[in-house]
Amino acid sequence: MNRRDFIQNIAIAPALGLRLDDNKILKPKRLKAGDTIGLVCPAAPAYSKETFEVVAESMQALGFKVKYGKNIWKRYGYLAGNDAERASDINEMFADPTVHGILCVHGGWGCARILPLLDYQLIKKNPKVIVGYSDVTALLLGLHAQTGLVTFHGPVGGSTWNDFSVKYFKSVLMNADKVKYENPINKGDNLTQVEDRISTINSGIAKGKLIGGNLTVLCHILGSKFVPNFKNAIVFCEDVQEQPYSVDRMINHMKLCGVFEEMNGFVFGKCTKCEPGEGSYGSLTLEDLWEDHIKPTKKPAFVGSMIGHINNKFTIPIGIEAEINADQGIIQFLESAVE
């Protein structure tokens, strides 16, 4: 693209709502004790007040104050209020100078519906930490694609806030560490490690920008202006309750869209409860899928990282440079994710 075309594209992109692949990475400020965390429900509703009490108490135990989104108690079928209400809470939390970070209480479904309703110029002017996973993937990727904001695939408010998850949440978002992610080594009384094992698909080391999230959600917005560029990325994915044939379909979709051609490396976390269902005799396994789709890329890749619908989870920034060692199952930040 020549300079004249580049300038023209920059000029028309905001009007057309196009993704700007040249967005400068925008890091939010680190969180600290005493900060206020805004609680929002951008997808599914919480069905009991006790859920909000537990989330609030968890944040307070971390030293934060909490502020509820104006529409957090709303309900519209399987959504936490209508699209305009849920989007309004996101916009208002970014606009509110007393709020320092945003935590999504739940996933479920609905984040993709509010992407066209977010005020990206407002958000770009008020960068803040925003955290969640599962369906929140759509929100995290959309914000990064449209503003360059580094977002965080990590616990939702309703997650298990155990020592493991809290350790990485603090390290990434409060301490601004250049974190090194390795699965825990815990053999118990076994001769070898049984749980949380790493499996190498392709050996090697790769560097690139971390981009990814929930596989199903990612595939359902792939091709839209709300997905970042995968050029030279380290792609990470996870999922839950998807049979191998469904994972096969989605991984193949990513391949057909050119994601694997563009990426530098690949990490799949956990696929929880992804065994073949009833009547699936002779099903391909997930291992077969990695051999069919990922192995031929010859790019460093591994599976088993602590990313997904699990109690012990990493907090993974979307948008920062990292390095993976596929033989050792390591993800190493090359820069901090917050300022």
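As a reminder, the structure under discussion sits directly above these lines.
J.: Would you mind showing me how to read the pattern of salt bridges here?
T.: It is possible for side chains bearing opposite charge to pair when their charged atoms get close. Scanning the model with the defined rule gives ten salt bridges in all. One salt bridge in this structure joins Glu92 and Lys70, with 3.2 Å as the shortest N-O distance. A residue pair is termed long-range when its members are at least 10 positions apart, and Glu92 in helix H3 (residues 83-95) and Lys70 in the loop between strand E2 (65-68) and H3 qualify at 22 residues. Exposure remark for Glu92: the relative accessible area of 38% places this residue in the partly exposed category. Judged by its relative accessible area of 58%, Lys70 is exposed. Through salt bridges with shared partners, a single network forms among Asp83, Arg86 and Arg113.

J.: It is not clear to me how the sheet that holds strand E13 (residues 321-325) should be interpreted in this structure. Could you clarify?
T.: Working definition: the strands of a sheet are paired by backbone hydrogen bonds and lie parallel or antiparallel to each other. Across the sheet, eight strands lie side by side as E6-E14-E13-E8-E9-E10-E11-E7; this open sheet has mixed pairing. Every interior strand has two partners, whereas the edge strands, strand E6 (180-181) and strand E7 (199-202), have only one. As defined by bridge partners, strand E9 (residues 233-240) adjoins strand E10 (residues 265-272) across six bridges and the pair is classed as parallel. Each bridged residue has a counterpart across the sheet, and for Ile234 the counterpart in E10 is Gly265.

J.: Which parts of the structure should I look at to understand helix H7 (residues 163-173)?
T.: At 3.6 residues per turn, the α-helix brings residues three or four places apart onto the same side. Of all eleven residues making up H7, eight are buried, and the element is well covered by its neighbours. For H7, the full list of buried residues reads Phe164, Ser165, Val166, Tyr168, Phe169, Ser171, Val172 and Leu173. Looking at the buried residues of H7, the elements they touch are strand E4 (129-132), strand E5 (151-153), E6, strand E12 (316-318) and strand E14 (330-333).

J.: What am I meant to see in the packing of helix H9 (residues 244-256) against helix H11 (residues 286-294) here?
T.: When two helices pack together, their arrangement is given by the angle between their axes and by how far apart the axes lie. Packing of H9 against H11 leaves a shortest axis separation of 10 Å and a crossing angle of 15°. Considered as vectors, H9 and H11 are oriented roughly parallel to each other. In this structure, the crossing between H9 and H11 has a hand that is right-handed. Residues Pro244, Val247, Asp248, Ile251, Asn252 and Lys255 of H9 touch H11, and the partners they reach there are Leu286, Leu289, Trp290, Asp292 and His293. For the contact of H9 with H11, the residue count by class is six nonpolar, two polar and three charged.

J.: Please explain the state of the cysteines as it appears in this structure.
T.: Formally, a disulfide is one covalent bond, and it connects the sulfur atom of one cysteine to the sulfur atom of another. Taken as a whole, this structure holds one disulfide when the rule is applied. Across a sulfur-sulfur distance of 2.2 Å, Cys271 and Cys274 are joined as a disulfide pair. On the sign convention where negative means left-handed, the S-S torsion of about -75° between Cys271 and Cys274 marks this disulfide as left-handed. Distance from the sulfur of Cys111, which forms no disulfide, to the nearest cysteine sulfur (Cys104) is 6.0 Å. The thiol sulfur of Cys237 is not disulfide-bonded, and the nearest other cysteine sulfur, from Cys219, lies at 7.2 Å. On the basis of relative accessible area, Cys237 is assigned to the buried category, the value being 0%.

J.: I would appreciate a short explanation of the side chain of Lys313 in the present structure.
T.: Looking at the element boundaries, Lys313 is found in the loop between strand E11 (301-303) and E12. For the buried Lys313, no salt bridge is present, and the opposite-charge side chain at shortest range is Glu238, 8.5 Å distant. From its side chain, Lys313 meets the backbone oxygen of Ile310 in a polar contact 2.6 Å long. Dropping the residues within four chain positions of it, Lys313 is found in contact with Tyr133, Gly154, Pro155, Ser159, Phe164, Ser165, Met306 and Gly308.

J.: Whenever I open this one, the nonpolar core confuses me. Can you help?
T.: In a soluble, globular protein the nonpolar side chains are often hidden away together inside. Counting residues in hydrophobic clusters, the biggest one holds 105 residues, and the most contacted among them are Leu118, Leu139, Met254, Phe266 and Trp290. At six residues, the largest contribution of residues to this core is made by H7. Excluding anything up to four places from it in sequence, Leu118 contacts Ala87, Ile90, Asn91, Ile123, Leu139 and Leu143.

J.: Even after reading the chapter, I still don't get the packing of aromatic side chains, so can you show me in this structure?
T.: Each pair of aromatic rings is reported with the distance of its centres and the angle of its planes. Tallying each qualifying case throughout the model produces 15 aromatic pairs. Arranged with centres 4.1 Å apart and planes meeting at 20°, the rings of Tyr181 and Phe314 form a pair that is stacked. Of this pair, Tyr181 sits in strand E6 while Phe314 sits in the loop between E11 and E12, and the two are 133 residues apart along the sequence. Taken as a pair, Tyr181 and Phe314 share a single burial class, namely buried. Summarising the aromatic geometry, the rings of Phe266 and Phe268 are spaced 6.5 Å apart at their centres and angled 40° between planes, so their arrangement reads as tilted. Here Phe266 and Phe268 have matching classes, each one buried.

Rules behind the numbers
- Residues numbered from 1 in each chain as written.
- Predicted model: local features only at pLDDT ≥ 70, side-chain atom pairs only at ≥ 80, totals over all residues.
- Heavy atoms only, no water.
- Salt bridge = Lys/Arg side-chain N within 4 Å of Asp/Glu carboxyl O.
- Helix = DSSP H or I, 4+ residues; strand = E, 2+ residues; numbered from the N terminus.
- Buried < 20%, exposed > 50% of the residue type's maximum accessible area, 1.4 Å probe, protein only.
- Pairing = 2+ DSSP bridges.
- Contact = heavy atoms within 4.5 Å.
- Axes fitted to C-alpha atoms, helices over the stretch in contact; angles between N-to-C directions.
- Parallel < 35°, antiparallel > 145°, perpendicular 65-115°, else oblique.
- Left-handed = near helix turned anticlockwise from the far one by under 90°.
- Nonpolar A, V, L, I, M, F, W, Y, C, P; charged D, E, K, R; others polar.
- Disulfide = S-S within 2.5 Å.
- Lys, Arg positive; Asp, Glu negative; His and termini not counted.
- Polar contact = N/O pair within 3.5 Å; in protein donor to acceptor, adjacent residues only side chain to side chain.
- Core = buried A, V, L, I, M, F, W, Y, C linked by side-chain atoms within 4.5 Å.
- Phe/Tyr/Trp six-rings, centres within 6.5 Å; stacked < 30°, edge-to-face > 60°.

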